[in-house]
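Structural overview
Chain by chain, the residues run as shown.
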Amino acid sequence: MNSVIRIFFIIFLPIFSSACSTPPAERLQDPTSHLSPDERFGELFEKVQLSGIFNDSKTFVDSTPKTSAENILQKYRAQRERPDFNLPIFIEENFYLPPSVASDFKSDKSKNAAEHIESLWPVLTREPDALSDGSLIPLPHQYVVPGGRFREIYYWDSYFTMLGLRESNRWDLIEDMVDNFSHLIDTMGFIPNGNRTYYQTRSQPPFYALMVTLLAEKQGKGTLTRYRPYLLKEYQFWMNGRDTLSASARATRRVVLLPDNSIMNRYWDSSATPRPESYKEDVELVHADNPETYRHIRAAAESGWDFSSRWFKDGATLDSIHTTDIIPVDLNALLYHLEWVLADAFAETGDATQAKTFRDLAQQRKEALLRYGWNAQDGFFYDYDFVAQQQTKVRSLAAMFPLFFNMVEPEQARRVAQHIERDFLQGGGVTTTLKDTGQQWDAPNGWAPLQWITVQGLRNYQQHHLADTIKQRWVKLNTDVYQRTGKMVEKYNVYQPGLEGGGGEYPVQDGFGWTNGVLLKLLNETTQTPHKTRRSH
């Protein structure tokens with residue numbers, strides 16, 4: 001047993017068990033309501049999703065049954081063979097279809113972009129959820145949804161939304177959202193992709209620690225101690241299976257043991273079936289003799305980058321996806337930050353032993369990320385394919401996460417910045433990757449969270465001119481689209497300023513939570529104040 005595994009197995013397992021034991025989650029009245037819609041409705045679900053009666057596969061899984069699943073299935077089985085059976089009418093009679101959020105919101109274009117965002121917060125805010133027999137997992141506090149087809153809370157989106165809520169002085173709503181995520185950790189053992197039953201098998205990039213440290217800016221000392229049990233349980237989720245790793249079993253769930261005994265993380269999903277919310281798309285893509293491809297697709301959804309050439313073996317096509325073979329730069333930088341926040345949380349109560357242990361774990365992860373992700377010849381960070389035992393060579397803005405968390409030396413940061421300025425910088429900001437594959441997390445699209453990570457990562461290393469250029473171009477792109485359309489959208493075309501983004505499985509969505517948050521933060525900046533992420537060590 002290597003030293004890192006021994007630390008966890010001997011020291012931390014009792015901590016996790018005692019600090020994070022929780023009562024079972026509350027169940028709804030229909031005993032099947034906690035199940036994913038594909039599990040609840042079986043052949044009816046499959047028939048609806050493959051029939052194409054809804055343009056968006058997410059519509060049916062977000063619908064609420066009017067009676068129990070058992071009753072609806074009985075009626076379906078009794079009626080489906082009749083010559084006059086009409087599936088759309090049957091669905092309308094037995095389900096409440098979901099509304100879109102913010103799509104019918106009428107913008108007042110006499111307002112500037114910041115005023116428009118302020119007017120959107122109430123539209124995108126949901127009150128505490130009542131119990132429902134639909135797929136929504138109820139949350140006890142208010143929260144902000146992204147908008148459009150995204151009618152529920154989303155994990156990593158929420159951090160960037162909170163940046164804007166801070167500018168609006170909505171600390172009450174930030175605390176509510178952090179407490180909702182704490183509730184999910186407490187009742188489910190982790191933060192799912194979103195609060196839907198069909199997201200129960202995967203998470204999203206672990207930004208919870210950043211949310212807690214953001215809240216600590218307002219609430220001060222004691223905040224880390226308050227949330228430490230949830231931070232620990234979040235960490236346990238990502239490290240689950242670490243004590244079973246060995247030379248003959250080098251990967252399990254989200255953890256990977258590398259040849260030098262370093263432990264790093266990957267994205268994963270505990271199911272290897274079509275995603276319920278994209279069922280038709282997945283079934284049409286995946287060959288019946290290769291069901292493990294479904295897990296790669298789901299793991300890419302956990303990454304938030306669904307989909308991107310980062311995950312493609314051939315660098316170009318979705319059917320070559322192999323996400324679970326890859327150790328991502330951004331994920332491991334985020335977990336480095338989580339380890340440091342846990343160290344600070346133990347230090348806050350004077351527990352020097354546990355604080356040191358988590359500092360050591362963070363340092364070990366940093367050294368591993370530099371060893372496997374940094375390419376000294378290119379001067380850039382790449383994801384690492386641990387199956388092929390080589391870097392993937394797909395250049396993406398994931399390379400900015402080590403700079404965002406102050407993990408690199410100034411010379412390394414300078415070389416990364418050269419790549420950003422020479423290859424990624426476009427007229428509307430920075431492009432996600434350099435490849436145009438038709439996928440939404442590739443060129444020509446730019447996304448608000450990655451603009452923020454890039455700008456702040458550059459600022460951490462005094463690359464202020466480039467950071468300001470990216471900021472100005474992104475702000476202009478956002479405001480130009482708003483002035484033309486009256487909307488804030490999910491993604492933008494940074495190669496052709498003035499255009500929304502495109503590609504992917506669904507049309508561009510408006511609303512939009514994280515776009516609003518990042519833009520409002522950038523609009524309100526008056527000085528180049530370094531972002532408080534993780535000090536250099």
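Structure shown above.
My aim in this report is to walk through the structure given alongside it, one point at a time. (Residues numbered from 1 in each chain as written. Predicted model: local features only at pLDDT ≥ 70, side-chain atom pairs only at ≥ 80, totals over all residues. Heavy atoms only, no water.)

Inspection of every chain in the model, using the stated rule, returns two cavities of 30 Å³ or more. Estimates place the volume of the second largest cavity at around 70 Å³. Among the elements of the structure, helix 2 (37–51) and helix 3 (58–61) are those that each provide at least two residues to the lining of the second largest cavity. In terms of residue count, the dominant contributor to the lining of the second largest cavity is helix 2 (three residues). Partitioned by chemical class, the residues of the lining of the second largest cavity number seven nonpolar, three polar and two charged. (1 Å grid on protein atoms, 1.4 Å probe; cavity = no way out; pocket = protein on both sides within 12 Å on 5 of 7 lines; lining within 4 Å. Points joined across faces, edges and corners; volume = space filled by probe spheres on them. Helix = DSSP H or I, 4+ residues; strand = E, 2+ residues; numbered from the N terminus. Nonpolar A, V, L, I, M, F, W, Y, C, P; charged D, E, K, R; others polar.)

Scanning the model with the defined rule gives 34 salt bridges in all. Salt-bridge contacts for Arg-275 lead to Asp-282; the nearest nitrogen and oxygen are separated by 2.7 Å. Each member of the pair, Arg-275 as well as Asp-282, carries the same accessibility label: buried. Across the salt bridge formed by Glu-525 and Lys-471, the nearest N and O atoms sit 3.1 Å from each other. Here the residue Glu-525 occupies a position in the segment after helix 19 (513–524), and Lys-471 occupies one in helix 18 (residues 464–485), the gap between them amounting to 54 residues. According to the relative accessible area criterion, Glu-525 is buried, its value standing at 16%. With a relative accessible area of 16%, Lys-471 lands in the buried category. (Salt bridge = Lys/Arg side-chain N within 4 Å of Asp/Glu carboxyl O. Buried < 20%, exposed > 50% of the residue type's maximum accessible area, 1.4 Å probe, protein only.)

Moving on to the packing of helix 2 against helix 5 (residues 87–94). Contact geometry of helix 2 with helix 5 gives a least axis separation of 11 Å together with a crossing angle of 120°. Classified by the interaxial angle, the pair formed by helix 2 and helix 5 is oblique. Considering the relative orientation of helix 2 and helix 5, their crossing is left-handed. Across from Leu-44, Lys-47, Val-48 and Ser-51 in helix 2, the residues of helix 5 making contact are Leu-87, Phe-90 and Ile-91. Residues that form the contact of helix 2 with helix 5 fall into these classes: five nonpolar, one polar and one charged. (Axes fitted to C-alpha atoms, helices over the stretch in contact; angles between N-to-C directions. Parallel < 35°, antiparallel > 145°, perpendicular 65-115°, else oblique. Left-handed = near helix turned anticlockwise from the far one by under 90°. Contact = heavy atoms within 4.5 Å.)

Moving on, we get to the sheet that holds strand 15 (residues 445–446). Sheet strands pair by backbone hydrogen bonding; their relative direction is either parallel or antiparallel. The strand order 15-16-17 describes an open sheet built from three strands, whose pairing is antiparallel. Each end of this open sheet is capped by a strand with a single partner; those strands are strand 15 and strand 17 (499–500). Here strand 15 runs beside strand 16 (residues 492–493); their pairing, made up of two bridges, is antiparallel. Within strand 16, the residue paired with Gly-446 across the bridge is Tyr-492. (Pairing = 2+ DSSP bridges.)

Moving on, we come to the packing of helix 4 (residues 69–79) against helix 5. Viewed as axis vectors pointing N to C, helix 4 and helix 5 meet at an angle of 155°, and their least axial separation amounts to 12 Å. Between helix 4 and helix 5, the angle is such that the two are roughly antiparallel. Along this stretch, helix 4 crosses helix 5, giving a crossing that reads as right-handed. Listed contacts from helix 5 to Ile-72, Lys-75, Tyr-76 and Gln-79 of helix 4 are Leu-87, Phe-90 and Asn-94. Residues belonging to the contact of helix 4 with helix 5 are distributed by class as follows: four nonpolar, two polar and one charged.

This part covers the sheet that holds strand 12 (residues 390–391). The strand order 8-11-12 describes an open sheet built from three strands, whose pairing is antiparallel. At either margin of the open sheet sits one strand with a lone partner, and together these are strand 8 (326–327) and strand 12. As judged from the two bridges shared by strand 8 and strand 11 (residues 384–385), these two strands associate in the antiparallel manner. The partner of Ile-326 across the bridge, within strand 11, is Asp-385.

Moving on: the nonpolar core. In terms of nonpolar packing, the biggest core is built from 157 residues, with Leu-44, Phe-160, Phe-207 and Tyr-208 touching the most fellow members. Here the element with the most residues in this core is helix 13 (residues 329–348); it accounts for 13 residues. Setting aside residues up to four positions removed in sequence, Phe-160 forms contacts with Phe-207, Pro-449, Trp-452, Ile-453, Trp-514, Gly-517 and Val-518. (Core = buried A, V, L, I, M, F, W, Y, C linked by side-chain atoms within 4.5 Å.)

Across the junction of Asp-306 and Phe-307, the peptide omega takes the value 10°, indicating a cis bond. With respect to the helices, strands and loops of the structure, Phe-307 is situated in the loop between helix 12 (292–303) and strand 8. Residue Pro-444 is reached from Ala-443 by a cis peptide bond, and omega for that bond is 10°. Along the chain, Pro-444 turns up in the loop between strand 14 (429–430) and strand 15. Even without a glycine there, the phi angle at Gln-389 is positive, about 60°. Locating Gln-389 in the fold gives a position in the loop between strand 11 and strand 12.

Tracing the sequence through the fold places Asp-176 in helix 8 (residues 171–188). At 6.4 Å, Arg-170 is the nearest oppositely charged side chain to Asp-176, a buried residue that forms no salt bridge. The residues touching Asp-176, leaving out its near neighbours within four places in the chain, are His-141 and Gln-142. (Lys, Arg positive; Asp, Glu negative; His and termini not counted.)

This part is about the packing of aromatic side chains. Ring pairs (aromatic) are described by centroid distance and by the angle formed between their planes. Tallied over the full model, the rule gives 38 aromatic pairs. Residues Tyr-267 and Trp-311 carry aromatic rings whose centres are separated by 6.4 Å and whose planes lie at 85° to one another, so their mutual orientation is edge-to-face. Taken together, the residues span a long stretch of sequence, with Tyr-267 in the loop between strand 7 (263–265) and helix 11 (279–285) and Trp-311 in the loop between helix 12 and strand 8 at a distance of 44 residues. The pair Tyr-267 / Trp-311 is uniform in exposure class, with both members buried. For the ring pair Phe-346 and Phe-358, a centre distance of 5.8 Å and an interplane angle of 10° mean the geometry is stacked. Linking Phe-346 in helix 13 with Phe-358 in helix 14 (residues 352–373), this pair joins segments that are 12 residues apart in sequence. A relative accessible area of 3% means that Phe-346 is categorised as buried. (Phe/Tyr/Trp six-rings, centres within 6.5 Å; stacked < 30°, edge-to-face > 60°.)

Honestly, that's just the spatial picture; any functional story needs more than this.
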